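# Inside the fold
If you want the building blocks of each chain, they are given just below.
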Amino acid sequence: MTRTFLKRKGARRGRGGAMFTLSRDEVRELDRRAINEFGVPGVVLMENAGRGCAELLMRLNPERKPVVILCGPGNNGGDGFVIARHLDNHGWPVEVWVFADLQNDLTPVLSPDAAVNFAILRQTHRGNAHARLVRLAHPRSWGTHPQLRDYLFDELKTPAWVVDALFGTGLSRALATPYDEVVAQVNASRNPVLAIDIPSGLDCDTGELLGPTVKATHTATFVAHKRGFLNTASKPWTGEVHVIDIGAPRVLVDEYRRKAGERPA
Ligand SMILES: NC(=O)C1=CN([C@@H]2O[C@H](COP(=O)(O)OP(=O)(O)OC[C@H]3O[C@@H](n4cnc5c(N)ncnc54)[C@H](O)[C@@H]3O)[C@@H](O)[C@H]2O)[C@H](O)CC1
Ligand SMILES: [K+]
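Definitions and limits used
For every chain, the first residue of the written sequence is number 1, and numbering continues from 1 along that sequence. Labels are handed out in written order, letters beginning with A for the chains and numbers beginning with 1 for the ligands. Per-residue local features are limited, in this predicted model, to residues with pLDDT of at least 70; the limit for side-chain atom pairs, both in listing and counting, is 80 or more; totals at the level of whole chains, interfaces and linings are taken over all residues. With hydrogens and water excluded, all non-hydrogen atoms of the structure serve as input to the side-chain values. UniProt positions are given in the numbering used here, feature names are shortened, and annotations may be inferred rather than shown by experiment. When we say a residue is near a molecule or strand, we mean one of its heavy atoms is within 4 Å of it. Within 3.5 Å is the distance limit for a polar contact, defined as a pair of N or O atoms, with the added protein rule that one can donate a hydrogen and the other accept it, and that residues adjacent in sequence qualify only through two side-chain atoms. Cavity: a set of points on a 1 Å grid over the protein atoms alone where a 1.4 Å probe fits but cannot get out. Pocket: an open set with protein on both sides within 12 Å along at least five of seven lines, its lining residues, like those of a cavity, having an atom within 4 Å of a point. The rule for placing a molecule in a cavity or pocket is simple: more than half of its atoms must lie within 2 Å of the grid points. Secondary structure is summarised from DSSP: a helix means a run of H or I of at least four residues, a strand means a run of E of at least two, and numbering begins at the N terminus for each. Under this grouping Gly is polar, as are all residues other than the nonpolar Ala, Val, Leu, Ile, Met, Phe, Trp, Tyr, Cys and Pro and the charged Asp, Glu, Lys and Arg. Only N, O and S atoms count as donors, using a 2.8 Å limit from the metal and a wider 3.2 Å limit for Na, K and Ca, and since water is excluded some coordination spheres may look unfilled. Throughout this description, buried means an accessible area under 20% of the type-specific maximum (1.4 Å probe, protein chains only), exposed means over 50%, and partly exposed covers the range between. Grid points are joined across faces, edges and corners, and a volume is the space filled by probe spheres set on the points. Here, any two strands with at least 2 DSSP bridges between them count as paired. Angles run from 0 to 180 degrees between N-to-C directions of axes, and those axes are lines fitted to C-alpha atoms, restricted for helices to the stretch in contact. Think of pLDDT as the predictor's per-residue confidence, scored from 0 to 100. For this analysis, residues touch if any pair of their heavy atoms sits within 4.5 Å. What makes a salt bridge here is a side-chain nitrogen of Lys or Arg within 4 Å of a carboxyl oxygen of Asp or Glu, nothing more. When describing relative orientation, an angle under 35 degrees is termed roughly parallel and one over 145 degrees roughly antiparallel, while 65 to 115 degrees is termed roughly perpendicular and anything else oblique. Put simply, a crossing is left-handed when the front helix is turned counterclockwise from the back one by less than a right angle, and right-handed when it is turned clockwise.

In the annotation of an unreviewed UniProt entry, the entry for the protein reads NAD(P)H-hydrate epimerase, and the organism field reads Gemmata palustris. Under the UniProt heading Sequence similarities (unreviewed entry), the note attached to the protein is "Belongs to the NnrE/AIBP family." Within the UniProt record for the protein, the comment given under Function (unreviewed entry) is "Catalyzes the epimerization of the S- and R-forms of NAD(P)HX, a damaged form of NAD(P)H that is a result of enzymatic or heat-dependent hydration. This is a prerequisite for the S-specific NAD(P)H-hydrate dehydratase to allow the repair of both epimers of NAD(P)HX."

Structure below.
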C-alpha cells in the first residue's frame, strides 16, 4: 500500500517540509510528562481538551442541533463528559451515552479522570428527570437489551451532531461488538460527526483503518496533528482537522518540535 504524505497548507513545517506531528507514543509520553514532570493535573488537561472541543462544536453548530455524545471507558470518554458539561452550560441540547462495564451500584467502570467528570455530570442533573443527560450502555448487555440499542439507533436517525468520544490514542485493536454496530449506525446516519482526538477505529500512527471506523466531518485533535493524519488515506475519516491547545507547557511541546526538526513555537 503506497502511502502519500500530505503537506497540509499553512501548517508549520518540520524536517523536509512535513507538518509537525506527534506519534501515539509521543503524545501519550507528553501527556504523562506534563502531569508528572510539570505538575499539570490530568483533569486540567482534560478540562482544557473538553472545553476546546465544546467551543469548536458551538461554532460548528450555531443552530443548536441536539448533540449525541458517545463516550468510551477511558480518557477519550472523559473528554466527552467535559464537552457535555460545557455544551449543557451554554444551553445546547445534549445526551451522553456511556459505553463501559458497570459496577454493582450501576456506576460505570471508567479511567480516574473520566470518573471525576462523569460524577460532575451526573451531579449537575441529579433529580432532574427531564434533563436526562446520561444513558449507560453496558457493552456486555448490549445484545440482551435490544431496546437500548434501538433507542440509540432511532436517535441517530434524527438530525443531530454526533461526538465520537469512544476511543482515542488508547485504541489498541479493531472495534468489535457493540462498537462496530454503533459506528456503522453513526456513519449510516449521515449526521455530522466531531471526532475527539482521533476518529475511533483509525490507527493513530499510520492513518489506516484498524477495522470499523467513525467517518468524521471534523476531528478535534490535541496538542498537534497525529502522525497518521499525514497519510492522505486518513482524510475521508478525519474530515477537517482542528488542533486544540490543552495547556501543555510550551517548553515541553517545544522539545517535541525540535526533535521533529521544527522551530520552537
Ligand atoms: N495530552 C493529550 O493528548 C491528552 C489526551 N487526553 C485524551 O485521552 C485519550 C487517551 O485516553 P486513554 O484512556 O489512554 O485511552 P482511550 O480513551 O483512547 O481508550 C480507552 C480504553 O479502551 C480500551 N480499548 C482499546 N481498544 C479497544 C477496543 N478496540 N475495544 C474496546 N476497548 C478498547 C483500552 O483499555 C483503553 O485504555 C486521548 O485520545 C485524548 O482523548 C486527555 O483527556 C487530555 C490530555
Ligand atoms: K475518538
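Further remarks concern the site of ligand 1. Around ligand 1 sit 22 residues in total, of which Asn76, Asp79, Gly168, Gly170 and Asp197 are the nearest. With respect to ligand 1, the backbone of Gly168 contributes an N or O atom lying 2.6 Å from an oxygen atom. Applying the majority rule of atoms within 2 Å of the grid points places ligand 1 in the largest pocket. Mapped onto the shell around ligand 1, the elements with two or more residues apiece are α1 (24–36), α2 (42–60) and α3 (75–89). Partitioning the shell around ligand 1 into residue classes produces 10 nonpolar, seven polar and five charged.

This part covers the coordination of the potassium ion (ligand 2). Protein coordination at the potassium ion (ligand 2): the donors are Asn76 (OD1), Asp164 (O), Phe167 (O), Ile196 (O) and Ile198 (O), at 2.6 to 3.0 Å from the metal. The sequence motif formed by the donor residues of the potassium ion (ligand 2) is N-x87-D-x2-F-x28-I-x1-I. On the basis of relative accessible area, Phe167 is assigned to the buried category, the value being 17%.

This part takes up the layout of surface pockets. Each pocket or cavity is described by its volume, and for the largest pocket that value is around 650 Å³. For the largest pocket, the lining is made up of 31 residues, of which Arg28, Asp31, Asn75, Asn76 and Thr169 are closest to its centre. The set of elements that each furnish at least two residues to the lining of the largest pocket consists of α1, α2, α3 and α4 (112–124). With seven residues, α1 is the largest single contributor of residues to the lining of the largest pocket. Within the lining of the largest pocket, the residues separate by chemical class into 16 nonpolar, nine polar and six charged.

So, on to the sheet that holds strand β2 (residues 67–71). Taking strand neighbours across the sheet as the criterion, the seven strands line up as β4-β3-β2-β5-β6-β7-β9 in an open arrangement whose pairing is parallel. Each having just a single partner strand, β4 (134–137) and β9 (240–244) make up the two edges of the open sheet. Direction aside, neighbouring strands of the sheet carry axes that sit 20 degrees apart on average.

Attention now moves to the confidence of the model for the protein. For the protein, the average pLDDT comes to 90, and 90% of its residues sit at 70 or higher. Residue range residues 7–12 is modelled with pLDDT below 50. Its contacts to residues more than four positions away, or to other chains, number 20 contacts. As a predicted assembly, this complex carries a pTM of 0.93 together with an ipTM value of 0.98.

What follows covers the pattern of salt bridges. In total, this model carries 12 salt bridges according to the counting rule given. The closest approach of N and O atoms between Glu26 and Lys259, which form a salt bridge, is 3.5 Å. A residue pair is termed long-range when its members are at least 10 positions apart, and Glu26 in helix α1 and Lys259 in helix α8 (residues 250–259) qualify at 233 residues. A salt bridge links Arg257 to Asp254; its shortest N-O distance comes to 3.7 Å. With Arg257 and Asp254 both in helix α8, this residue pair falls three residues apart, about one helical turn.

Mapped onto the secondary structure, Asn76 falls in helix α3. Assessed through its relative accessible area of 10%, Asn76 is described here as buried. When near neighbours in sequence (up to four residues on either side) are disregarded, Asn76 contacts Asp164, Ala165, Leu166, Phe167, Gly168, Ile196 and Asp197.

On to the packing of α1 against α8, then. Describing two packed helices takes the angle between their axes plus the distance from one axis to the other. Put simply, α1 and α8 touch, their axes get as near as 10 Å, and they point 150 degrees apart. With respect to α8, the axis of α1 lies roughly antiparallel. For the element pair α1 and α8, the recorded crossing hand is right-handed. Residues Glu26, Glu29, Leu30, Arg33 and Ala34 of α1 touch α8, and the partners they reach there are Leu252, Val253, Glu255, Tyr256 and Lys259. Split into classes, the residues belonging to the contact of α1 with α8 amount to five nonpolar, no polar and five charged.

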